[in-house]
Amino acid sequence: MQTPATPEFSDLIAQRQHKFAEYLKRGGERYPNTVAPTATTAELAERYANSDKETLIGTPTPSYTLAGRIMALRLFGKLLFAQLQDGVGRLQISLSVDVSSPEVFALFNDCIDLGDWVAVSGRMGRTNKGELTLQVESFTLLAKCHHPLPDKWHGLEDVEARYRQRYLDMFINPEVSQVFITRSKMISAIRRFLDSNGFLEVETPILQLQAGGATARPFHTHHNALDLPLNLRIAPELFLKRLLVGGLPRVYELSRNFRNEGISTKHNPEFTMLEWYMAYADREQVMALMEAMLRQVVTELQGHAQLPYAEHLIDFAKPFTRLTMRESLLALAGFSEADLATIDTLAAAAKLKKVELPKPLPSYGELFQLCFETLVEPQLIQPTFILDYPIETSPLVRQHPNRPGWVQRAELYIAGREHGEFYSELNDPTDQRARFEAQRTKAQAGDKEAMPFDEDFLHALELGMPPAGGIGLGIDRLAMLLTNQPSIRDVILFPLLRPKS
RNA sequence: GGGCCGUUAGCUCAGCGGUAGAGCAGUUGACUCUUAAUCAAUUGGUCGAAGGUUCAAUCCCUUCACGGCCCA
């Protein structure tokens, strides 16, 4: 048997390249695209699940061609076993000098490394221990893996390496691929739900003159031909509402948004958000529709509505709890009515509860929200809608009819995290203009997150926008829930990292 | 931005002032039924980078880079 590698030939990459050269030297084709698989590992495993060894010997199966990566190799002189992984599963394959030929066996043994893409052809059998095995008669090297693979037992555990080389992470740690398959199915289920409820999926600009629709710092870019500074969108809201003005009654967008902010286990600079707008609906109706959608998506994906997440079991079957923010502070944070009376009593009570108060002290509404975020939010494990938000933090929402200073907004909390927002949308152009003015005042005072004044949006509102309810739902966070992942980076294929020097 | 932790062989990790270690992967040999195969031998290191302290630094100190967790 020829041995292409020699003991002094120690560089792992060079060894693999040497084996590839040897494969070509013995007549193999370089990166062929002439062999197509006729089956997958999953199909064969299912088809022959009940066939015993004798049956497979007595009535030989057709010859199948599988394609995939070699992920394990075990050699016994003139027989070898390998694991072939093809994206839908893994199947054992075997080569022996009897089934193929001494030449084919030697070619495989001398030239194939862990990680190589191969196409293998042969018939199904079972080993003495009963494992279903494709007995290879011939094979083709489809693509060489030029790098040594991570530890076969521990896999790739270095978090940084996993994010930087997701392609490697995915085939070394198959559960990672499963996360992204689940994410994809989740998005399909959401589309199906909305499409069947009369919504139209639309695409609105990512390049925007003014980044509106949320309070966040945008990324800046530039269009050369127009010599025009532009921003990447932070939210699609203002364009989707323009479509209501245009006459589309139900629209949604799965929107990649960009926010020039910090990175954490909950934030990635680019992230995906679902927004939908529904004419003639109010906050209550969009909340009810979201509840129905989440119940259906969770059930569709895992067969029932109870979702394990970290140490919790989250129940989507029960009606979601509804509390006003005020009620939640009284019930869950231990505030009294007197504490909530004025900004001073609230600040004093908050200080006692170890809420870190910013200086200078913010408005009553902002302080109220800060207390909520610090004291209540972590307790909201089961799906809970929190109703009514201070007007200062919600410049696009309809005012509450009988609570001055508050707006008809709700947020959905699950597992202690905010997952979505629900609005009775503001369609009064006069009120909207005043809200933009207030934001402009904030911006002039140095608030870099204040929403820009959008005159064209006001023009659209002045033409008349039907009353509407709208929602925003964090798709990445929902994916974290559905795949039981602790960090947003675990549900984003290629999270942003600093370049490695 | 702040605090804590990490960075040692391709991978997973020990070592923590005195010549750099293991398992897996790789290489060589044995082996026709393995399942993290086994047995024997063996290659492989700028110990993240740069300074400093020391007779001597992977180890102690400083700065920097990248990452993780927590906080903002």
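Please read these numbers as outputs of a predicted model, since none were measured by experiment.

**Student:** When you look at the overall build of chain A in this model, what are you seeing that I'm missing?
**Tutor:** The secondary structure content of chain A amounts to 15 helices and 18 strands. The C-alpha radius of gyration of chain A comes to 30 Å, more than 25% above the 23 Å expected for a compact globule of 501 residues. With respect to the three principal axes, the spread of C-alpha positions in chain A is 85 × 55 × 50 Å. For chain A, the proportion of its 501 residues judged to be buried stands at 50%.

**Student:** Looking at this structure, how should I read the layout of surface pockets?
**Tutor:** In this model, the second largest pocket occupies a volume close to 520 Å³. If you trace the second largest pocket, you find 27 residues lining it, with Arg16, Met71, Leu114, Leu149 and Lys152 closest to the centre. Listed by contribution, the elements that provide at least two residues to the lining of the second largest pocket are helix 1 (12–25), strand 1 (64–76) and helix 4 (102–111). Ranked by residues supplied to the lining of the second largest pocket, first place goes to strand 1 with 5 residues.

**Student:** Even after reading the chapter, I still don't get the environment of Asp344, so can you show me in this structure?
**Tutor:** Mapped onto the elements of the fold, Asp344 is located in helix 11 (residues 343–352). As for Asp344 and Tyr364, which are separated by 20 residues in sequence, their C-alpha atoms are 8.7 Å apart.

**Student:** Whenever I open this one, the domain arrangement of chain A confuses me. Can you help?
**Tutor:** In many analyses, interface size is given as the accessible surface area lost on bringing the parts together. Along its sequence, chain A is carved into domain 1 (7–149) and domain 2 (172–320 + 382–491). For domain 1 versus domain 2, the separation of C-alpha centres amounts to 48 Å.

**Student:** Would you explain the pairing of strand 1 in this entry?
**Tutor:** Pairing between strand 1 and strand 4 (residues 117–126): 6 bridges, direction antiparallel. Its bridge partner being in strand 4, Leu66 is matched across the sheet by Val120. Both strand 1 and strand 2 (residues 79–85) contribute to a ladder of 7 bridges, which runs antiparallel. Each residue of the ladder has a partner; that of Arg69, found in strand 2, is Gln85. Following strand 1, the chain reverses through 2 residues before pairing antiparallel with strand 2; Gly77 in that reversal takes a positive phi of roughly 65°.

**Student:** For this particular structure, what's the right way to read the pairing of strand 17 (residues 417–424)?
**Tutor:** Along a regular strand, successive side chains alternate from one face of the sheet to the other. Counted residue by residue, strand 17 has 7 buried out of 8 residues, so it is predominantly covered. Here strand 16 (residues 406–414) folds back onto strand 17 in antiparallel fashion, the turn holding 2 residues, of which Ala415 has a positive phi close to 55°. Sheet analysis places strand 17 next to strand 18 (residues 468–474), joined by 5 bridges and oriented antiparallel. Residue pairing for strand 18: Phe422 is matched across the bridge by Ile471.

**Student:** Sorry if this is basic, but what is going on with the sheet that holds strand 2 here?
**Tutor:** Strand pairing in a sheet relies on backbone hydrogen bonds. The paired strands run either parallel or antiparallel. Strand order in the closed barrel made by the 5 strands is 1-2-3-5-4, with mixed pairing throughout. Going from strand to strand, the sheet's axes swing by 50° on average, the running direction of each strand aside.

**Student:** What should I look at first to understand the pattern of salt bridges in this one?
**Tutor:** Where side chains of opposite charge bring their charged atoms close, a pairing between them can arise. Across all of its chains, the model carries 33 salt bridges by this definition. In this structure, the salt-bridge partner of Arg295 is Glu291, at a minimum N-O distance of 2.8 Å. Here the residue Arg295 and the residue Glu291 both occupy positions in helix 9 (residues 283–302), the gap between them amounting to 4 residues, near one helical turn. Residue classification places Arg295 among the partly exposed positions, given a relative accessible area of 25%. What you see here is one network of salt bridges that share partners, running through Arg283, Glu284, Glu291, Arg295, Arg322, Asp388 and Arg403.

**Student:** In this structure, what is going on with the side chain of Ser177? I would like to understand it.
**Tutor:** Its location among the elements puts Ser177 in helix 7 (residues 174–196). A distance of 3.0 Å separates a polar atom in the side chain of Ser177 from the backbone oxygen of Met170.

**Student:** Quick question: what am I supposed to make of the packing of aromatic side chains here?
**Tutor:** The relation between two aromatic rings is expressed through the spacing of the ring centres and the mutual angle of the planes. All told, the structure shown has 14 aromatic pairs when counted by the stated rule. Measuring from ring centre to ring centre gives 5.6 Å for Phe20 and Tyr31, while their planes differ by 80°; the resulting arrangement is edge-to-face. Of this pair, Phe20 sits in helix 1 while Tyr31 sits in the loop between helix 1 and helix 2 (41–47), and the two are 11 residues apart along the sequence. Owing to a relative accessible area of 6%, Phe20 belongs among the buried residues under this scheme. Judged by relative accessible area, Tyr31 falls into the partly exposed class, the value being 39%. Seen in terms of ring centroids, Phe76 and Phe81 are 6.0 Å apart; in terms of plane orientation they differ by 80°. Their pairing is edge-to-face. The exposure class of Phe76 is exposed, given its relative accessible area of 52%.

**Student:** Would you explain helix 12 (residues 364–376) in this entry?
**Tutor:** Structurally, the α-helix is built with 3.6 residues per turn, so residues lying three or four positions apart point the same way. When the terminal C-alpha atoms of helix 12 are compared, their 17 Å separation across 13 residues agrees well with the 18 Å that a helix rising 1.5 Å per residue should span. Buried residues along helix 12 sit in contact with helix 10 (325–332), helix 11, strand 15 (384–390) and strand 16.

**Student:** Hey, could you run me through the sheet that holds strand 15 in this one?
**Tutor:** Across the sheet, which stays open at both edges, the 8 strands sit in the order 6-10-11-18-17-16-15-14 with mixed pairing between neighbours. Of all strands in the sheet, those bounded by a partner on one side alone are strand 6 (200–201) and strand 14 (321–324). Here strand 6 runs beside strand 10 (residues 250–258); their pairing, made up of 2 bridges, is parallel. Pairing of Leu200 across the sheet is with Val251, part of strand 10.

Reading the values: the criteria
- Residues numbered from 1 in each chain as written.
- Chains lettered and ligands numbered in written order.
- Predicted model: local features only at pLDDT ≥ 70, side-chain atom pairs only at ≥ 80, totals over all residues.
- Heavy atoms only, no water.
- Helix = DSSP H or I, 4+ residues; strand = E, 2+ residues; numbered from the N terminus.
- Rg over C-alpha atoms; globule rule 2.2 N^0.38 Å.
- Buried < 20%, exposed > 50% of the residue type's maximum accessible area, 1.4 Å probe, protein only.
- 1 Å grid on protein atoms, 1.4 Å probe; cavity = no way out; pocket = protein on both sides within 12 Å on 5 of 7 lines; lining within 4 Å.
- Points joined across faces, edges and corners; volume = space filled by probe spheres on them.
- Domains from an automatic or database assignment.
- Pairing = 2+ DSSP bridges.
- Axes fitted to C-alpha atoms, helices over the stretch in contact; angles between N-to-C directions.
- Salt bridge = Lys/Arg side-chain N within 4 Å of Asp/Glu carboxyl O.
- Polar contact = N/O pair within 3.5 Å; in protein donor to acceptor, adjacent residues only side chain to side chain.
- Phe/Tyr/Trp six-rings, centres within 6.5 Å; stacked < 30°, edge-to-face > 60°.
- Expected span 1.5 Å × (residues − 1).
- Contact = heavy atoms within 4.5 Å.

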